[in-house]
Amino acid sequence: MPMYQEESDPSLQALESRQDDILKRLYELKAAVDGLSKMIQTPDADLDVTNIIQADEPAALSTGALDLNSVLGKDYGALKDIVINANPASPPLSLLVLHWLLCDHYKVLSTVHTHSAVTSVPANLLRCFGEQTRQQPRHEYQLGFTLIWKDVPKTQMKFSVQTMCPIEGEGNIARFLFSLFGQKQDAVNLTLIDSWVDIAIFQLKEGSSKEKAAVFRSMNSALGKSPWLAGNELTVADVVLWSVLQQTGGCSGTAPANVQKWMRACENLAPFHTALKLLQ
C-alpha cells in the first residue's frame, strides 16, 4: 500500500485535520489579500483582466532590487562572505540549490574546503560548485559563498565570522539565503511559506511514516490549486521540501500525482538539476 494511503489513528487524524484547516485558511487569506491588492491598483474598481491573467501565470522566481548592505551589513569594500559548515554525511541539498540560484542574480565567489578533522569527502561534494577557477579580483565579486565540509551535528552558517553567533539548521539557513533575492511577499504568504518549511524539517524529515503520509496529502491538495506550494512563484518552501524529499527517498513513484508533477517542475530548473547530480 502506498505510504500516503496509510491509515492513521484518531489523534493523528485530528492533528492532520487541524493542519489542513490552518493551511486552507491561510490560502483563503492569501486570496483575499491578492484581491484587495488588485482593487487598490485599479482605483476605478474596474479590474484589469490582462494584468490578472499575467499575474496568475506560474513563475520560477521573481526578484526585486536588494541592497546586500542592508541585509549583510556594510564592510567598507570588503567582500561579504557567507560561510557554511556542513556535514558530508548529510549534504544540505537545499543550500546547494540556493547557491546556484544566487549565482544567477549576483556575482558570487564560490569556494569549497574540507576541515582537517574530516578524513574523507566524496569527490562529487568537493566539486559541488563546479570548477573553482577565480578569474576576477576578489573585490569585484558581490558575494562570497564558502562551504566547509566539517563534522557538525547541524548545518551552520555565519556571514560575519567575528561578530555573530551561527544560524543553525538547514531550514533556517535556507530562509536567510532566500531573503537575499528580495522577493516581495505579504504577511499571510510569508506565514504560509514558513509553515511549509517547518513541515518539511519537522514532519517530512524527522516525523513518523504517518506524519509523512499526512504531509503528502497536504502537498497534493495545495499543488492541485497552484503550480508551487505557496502560489504562482517558486519560494523557499519548494526548495526545502524538494530537498528533503530527495534526501529521504520520499520522491518515489508512490508520491501523489500532483506532487510528482511538482517534482518534475523543480528538476526542470537548472539549479535543482545540478544539485540532484550530487546524489547520483
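The structure reproduced in this document is the subject of the present report.

What counts and what doesn't
- Residues numbered from 1 in each chain as written.
- Predicted model: local features only at pLDDT ≥ 70, side-chain atom pairs only at ≥ 80, totals over all residues.
- Heavy atoms only, no water.
- Helix = DSSP H or I, 4+ residues; strand = E, 2+ residues; numbered from the N terminus.
- Buried < 20%, exposed > 50% of the residue type's maximum accessible area, 1.4 Å probe, protein only.
- Areas by Shrake-Rupley, 256 points an atom, 1.4 Å probe, with all protein chains shown as cover.
- Axes fitted to C-alpha atoms, helices over the stretch in contact; angles between N-to-C directions.
- Parallel < 35°, antiparallel > 145°, perpendicular 65-115°, else oblique.
- Left-handed = near helix turned anticlockwise from the far one by under 90°.
- Contact = heavy atoms within 4.5 Å.
- Pairing = 2+ DSSP bridges.

1. Notes on the overall build of the protein chain
Reasoning step 1: In terms of helices and strands, the protein chain carries 11 helices and five strands.
Reasoning step 2: Sorting the 280 residues of the protein chain into buried and exposed places 41% on the buried side.
Reasoning step 3: About 14600 Å² of surface is accessible on the protein chain, with carbon and sulfur atoms providing 53% of the total.

2. Brief notes about the packing of helix α7 (residues 187-205) against helix α8 (residues 209-223)
Reasoning step 1: It is the contact of α7 with α8, at a shortest axis distance of 9 Å, that shows an interaxial angle of 155 degrees. As summarised for this structure, α7 and α8 are arranged roughly antiparallel, according to the angle between their axes. Here α7 runs over α8; the crossing is left-handed. For the pair formed by α7 and α8, the contact residues are Trp196, Ile199, Gln203 and Leu204 on the first element and Glu211, Lys212, Val215, Ser218, Met219 and Ala222 on the second.

3. Here's the deal with the sheet that holds strand β2 (residues 108-114)
Reasoning step 1: An order of β2-β3-β1-β4-β5 is seen for the five strands of this open sheet, with the pairing classed as mixed. Strands at the two margins of the open sheet, each flanked by one partner only, are β2 and β5 (167-168).
Reasoning step 2: Note: strand β1 (residues 81-86) against strand β4 (residues 156-158), three bridges, orientation antiparallel. Residue pairing across strands places isoleucine 84 opposite methionine 157, the latter belonging to β4.

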